[in-house]
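# Architecture and fold: a report
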Amino acid sequence: MPASKKTARRSLPVTSALAVSLSLTSLFSPALAPAAHAADPSPSGSASPSATPPAAMSTVGGEQLGRPGTQAILGGDAPVVPKGISARSWIVADAESGEVLAAHNAHWRLAPASTLKMLFADTVLPKFNKDDKHKVVLSDLAGIGAGSSMVGIKENETYTVHDLWLGVFLRSGNDAVHVLSAMNGGVKQTVADMNAHAEELQALDTHAVSPDGYDAKGQVSSAYDLTLIARSGLQKKDFREYCSTVRAKFPGETRKGKKGKKTRSSFEIQNTNRLLTGDSGLDAYQGIAGVKNGNTTNAGATFTGVAERDGRVLLVTVMHPEKEEHNQVYKETAKLFDWGFAAAGKVQPVGELVPPKSAETSGGGTDPSTQPGGTASATSPAPASGGAGGKAVASAASDGTSGIGIALGITGGVLALVAGGVFLVNRKWPLRGK
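The chain is annotated in an unreviewed UniProt entry as D-alanyl-D-alanine carboxypeptidase of Streptomyces neyagawaensis.

### A short note on the overall build of the chain
Secondary structure assignment for the chain yields nine helices and 20 strands. Looking at the chain alone, contacts between residues at least 24 apart form 73% of all its contacts between residues at least 6 apart. Summing over all exposed atoms, the chain offers an accessible surface of approximately 16800 Å²; the carbon and sulfur share of this is 54%.

### A word on the nonpolar core
For soluble globular proteins, nonpolar side chains are generally found buried alongside one another. Among the nonpolar cores identified, the biggest contains 63 residues, and Ile-153, Trp-165, Phe-169, Tyr-224 and Phe-239 are the most heavily contacted of them. It is helix H2 (residues 161–171) that contributes the most residues to this core, seven residues altogether. Non-local contacts of Phe-169, meaning those with residues more than four positions away in its chain, are made with Ala-121, Phe-239, Tyr-242, Cys-243, Asn-271 and Lys-292. Judged by nonpolar contacts, the second largest core, of 32 residues, contains Leu-276, Ile-288, Ala-307 and Leu-336.

### Quick look at the packing of helix H1 (residues 117–124) against H2
At a closest axis distance of 11 Å, the pairing of H1 and H2 adopts a crossing angle of 160 degrees. Here H2 runs roughly antiparallel to H1, going by the angle between their axes. Along this stretch, H1 crosses H2, giving a crossing that reads as left-handed. Two secondary-structure elements touch here, H1 through Lys-117, Phe-120, Ala-121 and Val-124 and H2 through Trp-165, Val-168 and Phe-169. In terms of residue class, the contact of H1 with H2 is made up of six nonpolar, no polar and one charged.

### Examining the environment of Arg-255
One can find Arg-255 in strand S8 (residues 247–256). Exposure remark for Arg-255: the relative accessible area of 54% places this residue in the exposed category. Along the primary structure Arg-255 and Ser-265 are separated by ten residues, whereas in three dimensions their C-alpha atoms are 8.5 Å apart. What Arg-255 contacts, discounting residues up to four positions off in sequence, is Lys-261, Lys-262 and Thr-263.

### Side note on the environment of Tyr-159
Looking at where Tyr-159 falls in the secondary structure, it is placed in strand S7 (residues 158–160). Classification of Tyr-159 by relative accessible area gives buried; the value is 1%. Those residues in contact with Tyr-159, other than ones at most four positions away along the chain, are Asp-132, Lys-133, His-134, Val-136, Gly-152, Ile-153, Lys-154, Leu-164, Phe-250, Pro-251 and Arg-264. Within the structure, Tyr-159 has its side chain in polar contact with the backbone nitrogen of Lys-154 (distance 2.9 Å).

### Some thoughts on the pairing of strand S10 (residues 288–296)
When you tally the buried positions in S10, you get eight out of nine residues, the bulk of the element. Counting the residues between successive antiparallel strands, the hairpin from S10 to strand S11 (residues 300–309) contains three residues.

### Quick word on the packing of H1 against helix H5 (residues 223–233)
Any two packed helices are characterised by the angle at which their axes cross and by the distance between the axes. Put simply, H1 and H5 touch, their axes get as near as 9 Å, and they point 35 degrees apart. When the axes of H1 and H5 are compared, the crossing they make is left-handed. Between H1 and H5, the contacting residues are Met-118, Leu-119 and Asp-122 on the first element and Leu-226, Ile-229, Ala-230, Ser-232 and Gly-233 on the second. Split by residue class, the contact of H1 with H5 holds five nonpolar, two polar and one charged.

### A few points about the pattern of salt bridges
Evaluation of the coordinates by the stated rule reveals twelve salt bridges. Arg-88 is the partner of Glu-322 in a salt bridge, and the nearest nitrogen-oxygen pair spans 2.6 Å. Placement of Glu-322 in the loop between strand S12 (312–321) and helix H8 (328–343) and of Arg-88 in strand S4 (residues 87–94) is noted, with a sequence separation of 234 residues between them. Exposure remark for Glu-322: the relative accessible area of 9% places this residue in the buried category. The closest approach of N and O atoms between Arg-255 and Glu-253, which form a salt bridge, is 3.7 Å. Where salt bridges share partners, they join Lys-130, Asp-238 and Glu-241 into one cluster.

### Looking at the packing of aromatic side chains
Enumeration according to the criterion identifies nine aromatic pairs in this entry. Geometrically, the ring pair formed by Phe-169 and Tyr-242 is stacked, given 5.9 Å between the ring centres and 25 degrees between the ring planes. Of this pair, Phe-169 sits in helix H2 while Tyr-242 sits in helix H6 (residues 237–243), placing them 73 residues apart in sequence. Here Phe-169 matches Tyr-242 in class, with each residue buried.

### A closer look at the confidence of the model for the chain
Per-residue confidence for the chain gives a mean pLDDT of 78, with 71% of residues at or over 70. For the stretch residues 1–49, pLDDT sits under 50, and the model shows 128 contacts to residues farther than four places along the chain or on other chains. Note on residues 364–434: pLDDT under 50 across the span, and 214 contacts to partners over four residues away in sequence or across chains.

### Looking at the side chain of Arg-88
Taking the relative accessible area as the measure of exposure, Arg-88 reaches 0% and is therefore buried. Within the structure, the side chain of Arg-88 is placed 2.6 Å from the side chain of Glu-322, a separation counted as a polar contact.

### Let's talk about helix H3 (residues 174–183)
With eight of ten residues buried, H3 is to be regarded as a mostly interior element. All buried positions along H3 are accounted for by Asn-174, Asp-175, Ala-176, Val-177, His-178, Val-179, Leu-180 and Ser-181. Elements in contact with the buried residues of H3: H1, strand S6 (133–135), H2 and helix H4 (187–200).

Rules behind the numbers
- Residues numbered from 1 in each chain as written.
- Predicted model: local features only at pLDDT ≥ 70, side-chain atom pairs only at ≥ 80, totals over all residues.
- Heavy atoms only, no water.
- Helix = DSSP H or I, 4+ residues; strand = E, 2+ residues; numbered from the N terminus.
- Contact = heavy atoms within 4.5 Å.
- Areas by Shrake-Rupley, 256 points an atom, 1.4 Å probe, with all protein chains shown as cover.
- Core = buried A, V, L, I, M, F, W, Y, C linked by side-chain atoms within 4.5 Å.
- Buried < 20%, exposed > 50% of the residue type's maximum accessible area, 1.4 Å probe, protein only.
- Axes fitted to C-alpha atoms, helices over the stretch in contact; angles between N-to-C directions.
- Parallel < 35°, antiparallel > 145°, perpendicular 65-115°, else oblique.
- Left-handed = near helix turned anticlockwise from the far one by under 90°.
- Nonpolar A, V, L, I, M, F, W, Y, C, P; charged D, E, K, R; others polar.
- Polar contact = N/O pair within 3.5 Å; in protein donor to acceptor, adjacent residues only side chain to side chain.
- Pairing = 2+ DSSP bridges.
- Salt bridge = Lys/Arg side-chain N within 4 Å of Asp/Glu carboxyl O.
- Phe/Tyr/Trp six-rings, centres within 6.5 Å; stacked < 30°, edge-to-face > 60°.
- pLDDT = per-residue confidence, 0-100.

Here it is as structure tokens:
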């Protein structure tokens, strides 16, 4: 599907008082729930969630986002929402304006898998300088779940914070998460910090139990919340760098040679985000630049991605596709990106990504570039309410295709804090290597 032309960031005009907003509920059979994944062979007490969404969900970001089913209000020339999207929950949002272009069960609280590492990173990343060093002790690696993804951290070896974050983002290494958590005062403290930060972001569907997203009883998030969290994280320069890195060298184990000389080699790690790297039968998506993927028994496959095309930046989150085909979560994400780029400017928003609590009460703020990691938060003016000027639809046919090219980094752009307590994303958010 071709990319849409640039459009102004403003609410669409009301052109008809007769437009109706329909909510379509997709009911999935529990029999379609996926089997346990090898990555987590020991399911915890949080059993796979019901495949039927709640009748009522949170309305943070807009009343329509609390309804079950697909929510979209299309203008007359807007493309239909693509068919074949089997995810239990998804959302397509404009990263700059904060408008939610379409959503499906946006506030359904589901197991997040390693997409929860975005909250971990957004919470902990500003606390340490990237060149800080830490020598790993055995207790740092305690409590890592069986079958966890690992980057290969070794006891008694020293790593920089930069090394550890590469391990978190590229290999989704739970060992790297636990080492950083130990540096932050321990897992319990880190989880408490994450939950406090989620509340500050108004990611109120989210409750962290583990810092790494490993299945745990009561650990949940939503497509809406993961998108909020990603948007916050992407305001940090280091976050943007790590989530867009395709491959890197990671320190190996120190060994002694025959003459007693110590040497330490390194090995290559590659990002497991298949829309960034490509895979057999799957091209890298044009303009993709992160953010994070995950997969566990309870969560199924989850993914939040950010991509830029023709000056527009979109965020897409997909949670738990019911289809169990190879790379299904990426295929569905690519279809939703294609739709979003084609539909932008032709749809009425169905909600918005809300600001952090502090942004709602503050009359201003500090320059994010002066904060650790370049931290700031983002929101936008509220979208137009109601459905005037559009047609509300559910799934319909689409011939969305995967994009091409790899974004090797996001440089030069930050989400800018402006006067009056309003947070906006810099419209010039360049992505390299499109």
